[in-house]
Amino acid sequence: MTRWAVLLSYALLAACTQLLWLTFAAVDTRSAAAMHVDVGTVGDLAAIFPFIYVVLALPTGRWLDTRFGQALGAGALLTGAGALVRLASPTSFGWQLAGQLVIAAGQPLVLNSITKVAARNFPPSERATAISIGTAALFVGILAAVLMAGPLFASGGLPLLLGVQALPAVLATVLVLFALRTPPAFPDDPSVSVSLRWLARDRFMWILAVLVFIGMGTYNAVATWLQPILAHFAEGEAAGNLVAVMTFAGILGAAVLPTAISARDRRRELLLAALVVSAVTFVALALNHNVIWLGAWLFADGFVLLASLPVVLDWSDVHAGPERQGAAVGFLMMAGNLGGLLLVLVVQALIGNAFLSLAALAVVALAGLPAVLRLPGRRLLATDPLGQAAGR
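Values in this document were obtained by computation on a predicted structure and should not be read as measured data. Each chain carries its own residue numbering, running from 1 in the direction its sequence is written. Two thresholds apply to this predicted model, a pLDDT of at least 70 for residue-level local features and 80 or more for giving and counting side-chain atom pairs, whereas whole-chain, interface and lining totals are computed over all residues. For side-chain calculations, the full set of non-hydrogen atoms in the structure is used, while hydrogens and water are omitted.

On to the overall build of the chain. The way it works is that DSSP assigns letters per residue, a run of H or I at least four long becomes a helix, a run of E at least two long becomes a strand, and they are numbered from the N terminus. Within the chain, the secondary structure is distributed over 16 helices and 2 strands. For the radius of gyration, the atoms used are the C-alpha atoms, and the globule rule reads 2.2 Å times the number of residues raised to 0.38. The C-alpha atoms of the chain give 20 Å as radius of gyration, which agrees with the globular expectation for 392 residues (21 Å, within 12%). Across the 392 residues of the chain, 54% fall into the buried class. Contacts in the chain between residues far apart in sequence, at least 24 positions, make up 83% of those at least 6 positions apart. Residue-level accessible areas treat just the shown protein chains as cover; the underlying method is Shrake-Rupley with a 1.4 Å probe. By element, 70% of the accessible surface of the chain is carried by carbon and sulfur atoms, the whole surface being about 15200 Å². For the purpose of charge, His is not counted, nor are the chain termini; Lys and Arg are scored as positive and Asp and Glu as negative. For this purpose, a charge sits on NZ of Lys, CZ of Arg, CG of Asp or CD of Glu. Across the chain, 21 positive and 17 negative side-chain charges occur, with their mean positions spaced 9 Å apart. The buried label goes to any residue with under 20% of its type's maximum accessible area, the exposed label to any with over 50%, and the partly exposed label to all in between, with areas taken from a 1.4 Å probe on protein chains only. Here a residue-residue contact requires only that any non-hydrogen atoms of the pair lie within 4.5 Å.

Pasting the structure below:
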């Protein structure tokens, strides 16, 4: 039971990083009025997160490999402290920016820990399940941010919204700090941790990074631009609910698919299906604009696309080995955040034409097919001392 308590404590903290990141996204106009700034400035409170992640991803991954407890503890403290900083003056943009910067600095330390939490506390047969739970928690945090912001703001403005969100963040911080006092069942040996140079020549990790770039980038682009895209078809009001449907489907997919996929050695098949379903989804959205039709396709896309993230992270864990898990996840999440930045800009450049925007997303999904086909069709059976896969 101890390992599950550790995992659930971590999952709550991971969900809180996403909740705090997207605090203002669903109430940006009202938040701008409360803080006396323009809407674009409020948007910057979320935009700083991927920038900081890209900068800190690799060094935080290295820190996790060498001093895991210290690094994750720092990430937990930064998350809780940032949530409290925002309470100092809820309607001050300066205080909100300060709090977001603190939370953003902790986010890579938390999210890059996903595979190491699983590997240190669970036997190999349960690690795919543990990774899927940790990853599903990210989507739960995103969905909670979208659903709670409006009602809480309407009831008590920013003070109530920020106060309610601070409670689980502080609780998660305390729980994780206690969990870190539990000796791991499967400790790694930080003394044999290798430098980051291995990433430069590891073709397998670069292929996975391309796929995470496409997957996370696609989701961010849809979440950002679905409303103006559907506005061209007179269905813009449904965008928020449709993004929630896609995210909820991702939670279900991340919770149930990775364990079965890992057990049957079908990782490549799932990644291939995710790209094909994504491409077909964006074509379907362009052809028919009925809300039920849109929701069905976005549900299907979210179910396989978002479930691909824990599958990729699990595969990287098998490949990298315990000495390099933090760096491996940091590298992949850095690629995902780059995808989130760049694909949002690509769609923004085409947003004047909804058909071109959807076509661009379909083309991006299809562009990942050559990368998937270069992956091995079976599980990597063994690794050498440096973690290089054998038998590929």
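A few words on the side chain of Arg-86. Residue position: Arg-86 is located in the loop between helix H4 (68-85) and helix H5 (93-111). Every case where a carboxyl oxygen of Asp or Glu lies within 4 Å of a side-chain nitrogen of Lys or Arg is listed as a salt bridge. Among buried Asp, Glu, Lys and Arg side chains, Arg-86 stands out as unpaired, with Asp-28 the closest opposite charge at 14 Å. Dropping the residues within four chain positions of it, Arg-86 is found in contact with Leu-20, Thr-23, Phe-24, Trp-95, Gln-96, Gly-99, Gln-100, Ile-103, Leu-162 and Gln-165.

The tally for this structure, following the rule as stated, stands at 3 salt bridges. Measuring nitrogen to oxygen at the nearest pair gives 3.0 Å for the salt bridge that ties Glu-126 to Arg-3. Separated by 123 residues along the polypeptide, Glu-126 in helix H7 (residues 124-179) and Arg-3 in helix H1 (residues 2-21) bring together distant segments of the chain. For Lys-116, the salt bridge is made with Asp-65, and the minimal N-O distance between the two is 3.4 Å.

Given 3.6 residues to a turn, an α-helix orients residues that are three or four positions apart in the same direction. Helix length check: helix H11 (residues 267-287), at 21 residues, gives a terminal C-alpha distance of 31 Å against a target of 30 Å (1.5 Å per residue), a fit within 8%. Along H11, the residues that are buried comprise Arg-267, Leu-270, Leu-271, Ala-274, Leu-275, Ser-278, Ala-279, Thr-281, Phe-282, Ala-284, Leu-285 and Ala-286. Those residues of H11 that are buried are in contact with helix H9 (203-231), helix H10 (239-263), helix H12 (291-305), helix H13 (308-320), helix H15 (354-367) and helix H16 (369-373). One less than the number of residues in a helix, times 1.5 Å, gives the span that helix is expected to have.

Each pair of aromatic rings is reported with the distance of its centres and the angle of its planes. Paired rings are identified among Phe, Tyr and Trp, the last through its six-membered ring, by centres lying within 6.5 Å, and are further divided according to the angle between planes into stacked (under 30 degrees), edge-to-face (over 60) and tilted (the rest). Tallied over the full model, the rule gives 7 aromatic pairs. Between Trp-21 and Phe-49 the ring centres are 6.3 Å apart and the planes differ by 35 degrees, which places this aromatic pair in the tilted class. Of the two residues, Trp-21 sits in helix H1 while Phe-49 sits in helix H3 (residues 39-66), which places them 28 residues apart along the sequence. Here Trp-21 matches Phe-49 in class, with each residue buried. Both a distance and an angle decide whether a charge sits over a ring: NZ of Lys or CZ of Arg must be within 6 Å of the ring centre and within 35 degrees of the ring normal. The residue whose ring lies beneath Arg-127 is Phe-186, and the NZ or CZ to ring-centre distance is 5.4 Å.

A few words now on helix H14 (residues 325-350). Taking 1.5 Å of rise per residue, the 26 residues of H14 would be expected to cover 38 Å, and the 38 Å separating its terminal C-alpha atoms lies within 8% of that figure. H14 sits mainly inside the fold: 19 of its 26 residues count as buried.

Inside soluble globular proteins, nonpolar side chains tend to come together where they are buried. We call a set of buried Ala, Val, Leu, Ile, Met, Phe, Trp, Tyr and Cys residues a nonpolar core when their side-chain atoms join them within 4.5 Å. Ranked by size, the top nonpolar core spans 103 residues in total, and within it Leu-72, Met-205, Leu-208, Leu-226, Ile-229, Leu-332 and Leu-375 carry the most contacts. Here this core takes 15 residues from H9, the largest share from any one element. Those residues within four positions of Ile-229 in sequence are excluded, and the remaining contacts are Val-347, Ile-351, Ala-354, Ser-357 and Leu-358. If you look at the next biggest cluster of nonpolar residues, it comprises 12 residues, including Ala-32, Ala-149, Phe-153 and Leu-158.

What follows covers the environment of Val-146. In this fold, Val-146 is placed in helix H7. Put simply, Val-146 and Thr-182 are 36 residues apart on the chain and 34 Å apart in space, counted from C-alpha to C-alpha.

Let us look at the confidence of the model for the chain. For the chain, per-residue confidence averages 89 on the pLDDT scale, and residues scoring 70 or more make up 94% of the total. The pLDDT value expresses, per residue, how confident the predictor is, ranging between 0 and 100. Considering only residues more than four positions removed or in separate chains, one finds that residues 380-392, a stretch of pLDDT under 50, has 26 contacts.

In this section: unusual backbone geometry. Although it is not a glycine, His-36 adopts a positive phi angle of roughly 60 degrees. Along the chain, His-36 turns up in the loop between helix H2 (28-35) and H3.

In this analysis, axes come from line fits to C-alpha atoms, helices being fitted only over the stretch in contact, and the angle between any two N-to-C directions falls in the range 0 to 180 degrees. Packing of H10 against H12 brings their axes to within 7 Å, and their N-to-C directions diverge by 35 degrees. Crossing of H10 against H12: the hand is right-handed. Along the contact surface, H10 presents Leu-242, Val-245, Met-246, Phe-248, Ala-249, Gly-250, Leu-252, Gly-253, Val-256 and Leu-257, while H12 presents Val-291, Leu-294, Gly-295, Leu-298, Phe-299, Asp-301, Gly-302, Phe-303 and Leu-305. The nonpolar class holds Ala, Val, Leu, Ile, Met, Phe, Trp, Tyr, Cys and Pro. Asp, Glu, Lys and Arg form the charged class, and all remaining residues, Gly among them, are polar. Looking at the contact of H10 with H12 residue by residue, the class counts come to 14 nonpolar, 4 polar and 1 charged. Whether a crossing is left-handed or right-handed is set by the direction in which the near helix is turned from the far one by less than a right angle, anticlockwise for left-handed and clockwise for right-handed.

All right, on to a nonpolar patch on the surface then. A contiguous nonpolar patch, built from Leu-84, Leu-87, Val-170, Val-174 and Phe-178 and spanning about 400 Å² of accessible area, is present on the exposed surface. Here the element with the most residues in the nonpolar patch is H7; it accounts for 3 residues. Assignment of secondary structure puts Leu-87 in the loop between H4 and H5. The patches reported here contain residues having more than 30% relative accessible area and no salt bridge. Joining distances are 9 Å for like charges and 5 Å for nonpolar side chains (Val, Leu, Ile, Met, Phe, Trp, Tyr).

Position of Ala-223 relative to the elements: it lies in helix H9. Each C-alpha atom, one on Ala-223 and one on Leu-369, is 23 Å from the other, the two residues being 146 residues apart in sequence.

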